[in-house]
Structure formats: C-alpha cells, structure tokens
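Below are the chains, spelled out letter by letter.
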Amino acid sequence: MNRLIKTILLLSIGFHFVQGQEERSIFTQDQLLWYIENYHPIAQQGKLLIQQGESSVRAARGGFDPKLFANLDQKQFDDKEYYSILNSGLKIPTWYGLEFKTGFDQNRGVYLNPENKVPNGGLWYGGVSVSLGQGLFIDQRRAELQKAKVFASSSAAEQRALMNELYFDAIKQYWKWVQAYNEYQVYEESVTLAVTRFTAVKNSYLLGDKPAIDTLEAKIQVQNRELARNEYKLAYQNATLELSNYLWFENNTPLEITDELRPPLFDEIELSNTTSFDTLQAFVNAVPNAHPDMQIYQFKLSSLEIERKLKAEKIKPKLNLNYNFLSEPVGDNFLNNVSSQNYKWGIEFSLPVFLREQRGNLQLAKYKIENTTFGQRQKQLEIENKVLSYFNEHVALRKQVDIYRDAVSNYSSLLEGERIKFNIGESSLFLVNSRESSLIEARLKAIALVSKYNISSAGIDYASGRLYK
C-alpha cells in the first residue's frame, strides 16, 4: 500500500498511461528537476538560506530601533528618604551617527546630591549626541547592517550555487538511468533474437538441414546473452534506485520510480543543439559577475571592505558631543518654558597614544582582502577552464554520436546481409553471431555517447553557473 501511494504521488503531475511496454509513461529530465526544485530537502535548505539572510537584515535593523528606558534608584533609611532618582526617556538612533534623546527626571530626597536637584515638578530634557571623530562615517551598528545586507545577497548566491550543484548531480544520474535502461533493452532484444535463432536452427537440425554443432553454438549464444541481460538489468535496477534518491514529495515523503515509468528509448532521445563558440564566449565573459561562486567571492570582499572601513575608523580619535535643552514642566505645554539659557552639554575626547591595536587590526583586515582576492582570481580561472573543458567534450561527443549512429545503421545492414546469406546456406552461424555482436557493441557505444553528450551539454550550463536560474 505504501509503495502504491508513493507511485500515485509521483504520477500526479499528469503522466498518461496506455497498455504495452513501449507505451509506458516516459519520465523526463524536466519532470525530475520540477520535483527537485519543489520538494528536495536540499532545495528546501536553499530556501532557508535566503530566509536566514532576510532575518539577519531584520536583526541588524534592530540596532536603529527607538528605545525606551527608565532608571529608578531609591534609598530609605531610619524613616528618611535619603534619595529617589528617576530618569526615563526615549532614544532614537539614526543612520548618520546622530542619536536623538528626550527624557524626564524627577529626583527628591533629604540627602540628594545637589547636582541631581531638579524642580519639584521634575525636569524635561531633549537633545542630540553626535560623533565628530570616530564613528562619523561608520560605526559598529552601521557596519553590522551593511554586512547583514551583503549576507542576504550572498545567501541568494549560495542558494543558486547549491541548486546548480544539485541539478547537475541529478541530471548526471538521470542520464545514467537512461543509459542503463537502453542497454538493458538492447540485451533484452538480443536474447529474443538468440532464442528465435536457436529454435530455427534446432528445427533445421531435426529436418537434417543443419549439423548438431550449430544447435550447440546457438544454445551457448542464448546463455551468454541471458547472462549479459541479467547484468544489465541489475545495473538498470540500481540506477533506478539511485535516481529515486532525488525524488521527494510534500511532507518530506520519498518517492520511488516504479515499472509504470520508463526513460526515453534511444530513438526517442532528442539531442540538444550544439553550443556555438560565440555563446560559449558570452558564458565565459559573464563568469566574473554571473556565476554564483564568483558572486559569493564578491560579497565576501564587500563584507571585508566594510570591516576594513570600520577598522580604519578606529584609528580616528573619539570626539563625541552631547547637547540637551532643559525645561520645567509648567502649564499645559512644557515647550513654552524652553530657553537657550537652560541647557546641558558635554564633550568627550580620547585617543590611544601609539594606536598599535588599531593599526594592527587595520593591517589584518587588508591582508584578509588581499588573500580573498587571490582566491577569487584562482576560482575564476578554474571556472573558465571548466566551462571550456565541457565545451570541448560537448563538441567532440556530438561528432562521435553522429559517427556511431551511422555505424549502427551500417552494422544493421551487414547483419541483415549475413542473415540472408545464412538462410540460403552461404554463411555460417558463427559469422551471423559475430555480426550481431558487433551491432550490439555499436548500439551500446552509441547509447553511452548520447548519455555523455547530454551530460556535457548540461555541464556547460553547470560550469558557467546557469543550470539553475
């Protein structure tokens, strides 16, 4: 029942069934990739990468959220209120290094520090803090948000790289499956032919037209073909299981490829167009900007550059300026009591004498950028050479496929001629078997070349980072 359910799920996207082996539903490469994109666990992990990137940006934006604060400090002893100090307010950080602040102080007590003394109704204040030295152009908060945005973009590139790799692995396994099935069909047909010939030779022997040795040779040929067929059947069954590893459905349900599905037969396979040199050149030229692995390097360099700017900012002296106006809450609107004579301000300055830590960290940041740049150049060269390698293989295999398709036709003609000669007594069973074996080998070779050609065709898109878009 479980197997039946899995089969129904796999067939639910619209396959058509008719009776007969040759009419079984064909499972195509596009259908395989559809299942992978929508249900494969690694594809789901790729989607999580993008969500993680979005969440990191959201978290970094939290550094610019307005913040409410309140502090209350009281001391009561010997029936006396020594002091009660209340400070509350709102801070609003901004992108440009400014921080706006407003609040309310209400302090009282017998032993209240004079500097904390405020009017009986409390004291409103509002103002701004600004960094004029270190932190003017970039600070930790702004750097974290910038790096989070870079990480979000990098996550999308990582997801593409992940899917690009997954797609190519699945496509390679798909064509291994197609190859194994067609090889099995070749030997299935060869066994049928060998059995038919054995029956014919046996009948001819019984009629006295053929010697007994021919029946023995025909029987041995049947046995050899059956052994080979069983080996190829096992290879097809294992290839089917390997391909099933890529098939999933909703709720992480694994699917199986059953006997109701089959790969395309050799004559049903349509070869993709050979990639032109101009197209190849366009792919190679686009590698630095379009390939997901190169984009990941670019984002990594962007993140390191942000870190370098932050380290360079640390070399500057700290020079922070604070200004707050003060107002006593009298009447309905405390702003009416705002006066330029009532204010509180301060300035903060600091600078390490030798700056050894800051200069060392800046130099380390530069080394990281330089090291990553070397890796980026090496990666670009490897990718470009891999694209060219798949292209060379692609072109060579197309020529070989055409040659072997013609060779199969020629071997078929030779076999047919040898059969005619054998039927009229001008040839031997040995020669017929030899011609047939040559045809089988040619068909197997042609099948393997078609499989490799389609893999190399996908390999060009894979190497150039275009297989998953």
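Structure's up top.
This structure is a prediction, so every number in the text was calculated from the model and none was measured. (Residues numbered from 1 in each chain as written. Predicted model: local features only at pLDDT ≥ 70, side-chain atom pairs only at ≥ 80, totals over all residues. Heavy atoms only, no water.)

Explain the overall build of the protein chain here, please?
Helix and strand counts for the protein chain come out as 9 helices and 10 strands. Computed over C-alpha atoms, the radius of gyration of the protein chain comes to 39 Å, more than 25% over the 23 Å expected from 2.2 N^0.38 for 469 residues, which places it beyond the range of a compact globule. Taken along the three principal axes of its C-alpha coordinates, the protein chain extends 135 × 50 × 35 Å. Buried residues in the protein chain amount to 39% of all 469 residues. If you take every contact in the protein chain between residues at least 6 apart in sequence, the share linking residues at least 24 apart comes to 76%. When the accessible surface of the protein chain is summed, it comes to about 26900 Å², and 53% of that surface belongs to carbon and sulfur atoms. Separation of charge centres in the protein chain, based on 54 positive and 55 negative side chains, amounts to 7 Å. (Helix = DSSP H or I, 4+ residues; strand = E, 2+ residues; numbered from the N terminus. Rg over C-alpha atoms; globule rule 2.2 N^0.38 Å. Buried < 20%, exposed > 50% of the residue type's maximum accessible area, 1.4 Å probe, protein only. Contact = heavy atoms within 4.5 Å. Areas by Shrake-Rupley, 256 points an atom, 1.4 Å probe, with all protein chains shown as cover. Lys, Arg positive; Asp, Glu negative; His and termini not counted. Charge placed at Lys NZ, Arg CZ, Asp CG, Glu CD.)

What is the right way to look at the packing of aromatic side chains in this model?
Tallied over the full model, the rule gives 20 aromatic pairs. Judged by centre distance (5.1 Å) and plane angle (55 degrees), the ring pair of Tyr181 and Tyr236 falls under tilted. Within this pair, whereas Tyr181 is found in helix H4 (residues 140–206), its partner Tyr236 is found in helix H5 (residues 212–244), the two being separated by 55 residues in sequence. In this structure, Tyr181 and Tyr236 share a single accessibility class: buried. Note that Lys149 overlies the ring of Trp95, its terminal NZ or CZ placed 6.0 Å from the centroid. Looking at Lys219, its charged tip hangs above the ring of Phe198, at a distance of 5.4 Å from the centre. (Phe/Tyr/Trp six-rings, centres within 6.5 Å; stacked < 30°, edge-to-face > 60°. Lys NZ or Arg CZ within 6 Å of the ring centre and 35° of its normal.)

Would you mind showing me how to read a nonpolar patch on the surface here?
Residues Tyr323, Tyr343, Trp345 and Ile347 make up a contiguous nonpolar surface patch of about 460 Å² in total accessible area. Examining the composition of the nonpolar patch, we find that 3 residues originate from one element, strand E10 (residues 343–350), more than from any other. Along the chain, the position of Ile347 falls in strand E10. Exposure remark for Ile347: the relative accessible area of 56% places this residue in the exposed category. (Patch = residues over 30% accessible without salt bridge, like charges linked within 9 Å, V, L, I, M, F, W, Y side chains within 5 Å. Salt bridge = Lys/Arg side-chain N within 4 Å of Asp/Glu carboxyl O.)

Hey, could you run me through helix H8 (residues 356–423) in this one?
Given 3.6 residues per helical turn, the α-helix brings residues three or four places apart onto the same face. Compared with the 100 Å implied by 1.5 Å per residue over 68 residues, the 97 Å span of H8 between its first and last C-alpha is a close match. Residue Gly425 follows H8 closely and has a positive phi angle near 85 degrees. (Expected span 1.5 Å × (residues − 1).)

Would you take a moment to explain the pairing of strand E4 (residues 98–108) for this structure?
One face of the sheet, then the other: side chains in a regular strand alternate in exactly this way. The sheet contact formed by strand E3 (residues 80–93) and E4 spans 10 bridges and is antiparallel. By the bridge assignment, Leu90 is partnered in E4 with Thr102. The antiparallel hairpin formed by E3 and E4 contains 4 residues in its connecting segment, where Gly97 sits at a positive phi of about 85 degrees. With 8 bridges joining them, E4 and strand E5 (residues 123–131) adopt antiparallel strand pairing. Counted as the bridge partner of Phe104 is Trp124 from E5. (Pairing = 2+ DSSP bridges.)

Please clarify how the packing of helix H2 (residues 29–39) against H4 should be interpreted in this entry.
Working note: a packed helix pair is described by the angle between its axes plus the distance between those axes. Direction vectors running N to C along H2 and H4 enclose 140 degrees, while the axes themselves pass 10 Å from each other. Of the two possible hands of crossing, H2 and H4 adopt the one that is right-handed. Every residue of H4 that contacts H2 at Gln29, Leu32, Leu33, Ile36 and Glu37 is listed here: Met163, Leu166, Tyr167, Ala170, Ile171, Tyr174 and Trp175. Residue composition of the contact of H2 with H4, grouped by class: 10 nonpolar, 1 polar and 1 charged. (Axes fitted to C-alpha atoms, helices over the stretch in contact; angles between N-to-C directions. Left-handed = near helix turned anticlockwise from the far one by under 90°. Nonpolar A, V, L, I, M, F, W, Y, C, P; charged D, E, K, R; others polar.)

I would appreciate a short explanation of the sheet that holds strand E2 (residues 67–77) in the present structure.
Pairing between sheet strands relies on hydrogen bonds along the backbone, with the strands arranged either parallel or antiparallel. Reading across the sheet, the 6 strands line up as E2-E3-E4-E5-E9-E10 and stay open at both edges, with antiparallel pairing between neighbours. Since the sheet does not close on itself, it has two edges, and those belong to E2 and E10, each with one partner. Each adjacent strand pair in this sheet contributes to an overall mean axis angle of 15 degrees, direction not counted.

Would you mind going over the pattern of salt bridges with me for this structure?
Side chains that differ in charge, positive against negative, can pair when their charged atoms come close. Under the criterion given, the structure shown has 18 salt bridges. When the shortest N-O distance is used, the salt bridge between Arg225 and Glu436 registers 2.7 Å. In this pair, Arg225 is assigned in helix H5 and Glu436 in helix H9 (residues 429–463), connecting sequence segments 211 residues apart. Judged by relative accessible area, which is 1%, Glu436 ranks as buried. Among the salt bridges present, the one from Lys311 reaches Glu307, with a minimum N-O distance of 3.6 Å. Taken together, the positions of Lys311 and Glu307, both in helix H7 (residues 292–314) and 4 residues apart, correspond to about one turn of that helix. Given the relative accessible area of 23%, Lys311 is considered partly exposed. Exposure remark for Glu307: the relative accessible area of 22% places this residue in the partly exposed category. Overlapping salt bridges, with partners in common, bring together Arg197, Arg225, Glu416, Arg419 and Glu436 in one network.

Quick question: what am I supposed to make of unusual backbone geometry here?
Trans is the common state for peptide bonds, and a negative phi is the common state for residues other than glycine. In this model, Asp78 sits at a positive phi of 55 degrees, which is unusual for a non-glycine residue. Note on placement: Asp78 falls in the loop between E2 and E3. Within the chain, Leu355 stands out as a residue other than glycine whose phi angle is a positive 60 degrees. A residue is classified by how much of its surface remains accessible, and Leu355, at 16% relative accessible area, is buried.

Just checking my understanding: could you explain the side chain of Asn164 for this structure?
Note that Asn164 resides in helix H4. Within the structure, the side chain of Asn164 is placed 2.9 Å from the backbone oxygen of Tyr462, a separation counted as a polar contact. (Polar contact = N/O pair within 3.5 Å; in protein donor to acceptor, adjacent residues only side chain to side chain.)

What is the right way to read the environment of Gln74 from this model?
Tracing the chain through its elements places Gln74 in strand E2. The sequence separation of Gln74 and Ser451 amounts to 377 residues, and the corresponding C-alpha distance is 82 Å. Excluding residues that lie within four positions of it along the chain, Gln74 makes contacts with Tyr83 and Ser84. Within the structure, Gln74 has its side chain in polar contact with the side chain of Ser84 (distance 3.0 Å).

Looking at this model, I keep getting lost on H7. Mind explaining?
The end-to-end C-alpha distance of H7 is 33 Å, a good match for the 33 Å that 23 residues give at a rise of 1.5 Å each. What H7 keeps buried is the set Pro292, Met294, Gln295, Leu301, Leu304, Ile306, Leu310 and Glu313. Each element contacted by the buried residues of H7 is listed here: H4, helix H6 (277–290) and H8.

Fair warning: the whole summary comes from geometry, so function is off the table for now.
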